[in-house]
Amino acid sequence: MTYYFKCKDLGWNCSFENHAEKREDIFPRIRIHFHYAHATNDIDDETMKKIESVIYEGEEYKGEI
């Protein structure tokens, strides 16, 4: 199974999208993205809950690259 994340699903005007085979592997990529694209070094608990709520699981990519 593959896990998918799209930053725009958080309501931001951001085209970042990523996927990983393991759910835990997607979080370091999101943290790096937040650091460089959104100048955020620490993701607070509220934002992390939002991130977790928009990660979806599927067998094929449903986003645009």
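Above this text sits the structure in question.
Small disclaimer: the values here were computed from a predicted structure and weren't measured.

A. Looking closely at the packing of aromatic side chains. Here the structure, examined in full by the defined rule, presents three aromatic pairs. With a centroid separation of 5.2 Å and 40 degrees between ring planes, the pair formed by Trp12 and Phe34 is classed as tilted. Here Trp12 is found in the loop between strand E1 (2-6) and strand E2 (17-20), whereas its partner Phe34 is found in helix H1 (residues 23-38), with 22 residues between them in sequence. Under the relative-accessibility criterion, Trp12 is labelled partly exposed at 34%.

B. Summary view of the packing of H1 against helix H2 (residues 45-54). Following both chains from N to C, one finds H1 and H2 inclined at 125 degrees, their axes separated by 12 Å at the closest point. With respect to H2, the axis of H1 lies oblique. Considering how the two elements wind past one another, H1 and H2 form a crossing that is right-handed. Between H1 and H2, the residues in contact are Arg23, Phe27, Ile30, Arg31 and Phe34 and Thr47, Met48, Ile51 and Glu52, respectively. By residue class, the composition of the contact of H1 with H2 is five nonpolar, one polar and three charged.

Calculation notes
- Residues numbered from 1 in each chain as written.
- Predicted model: local features only at pLDDT ≥ 70, side-chain atom pairs only at ≥ 80, totals over all residues.
- Heavy atoms only, no water.
- Phe/Tyr/Trp six-rings, centres within 6.5 Å; stacked < 30°, edge-to-face > 60°.
- Helix = DSSP H or I, 4+ residues; strand = E, 2+ residues; numbered from the N terminus.
- Buried < 20%, exposed > 50% of the residue type's maximum accessible area, 1.4 Å probe, protein only.
- Axes fitted to C-alpha atoms, helices over the stretch in contact; angles between N-to-C directions.
- Parallel < 35°, antiparallel > 145°, perpendicular 65-115°, else oblique.
- Left-handed = near helix turned anticlockwise from the far one by under 90°.
- Contact = heavy atoms within 4.5 Å.
- Nonpolar A, V, L, I, M, F, W, Y, C, P; charged D, E, K, R; others polar.

All we've got here are geometric facts, nothing functional implied.
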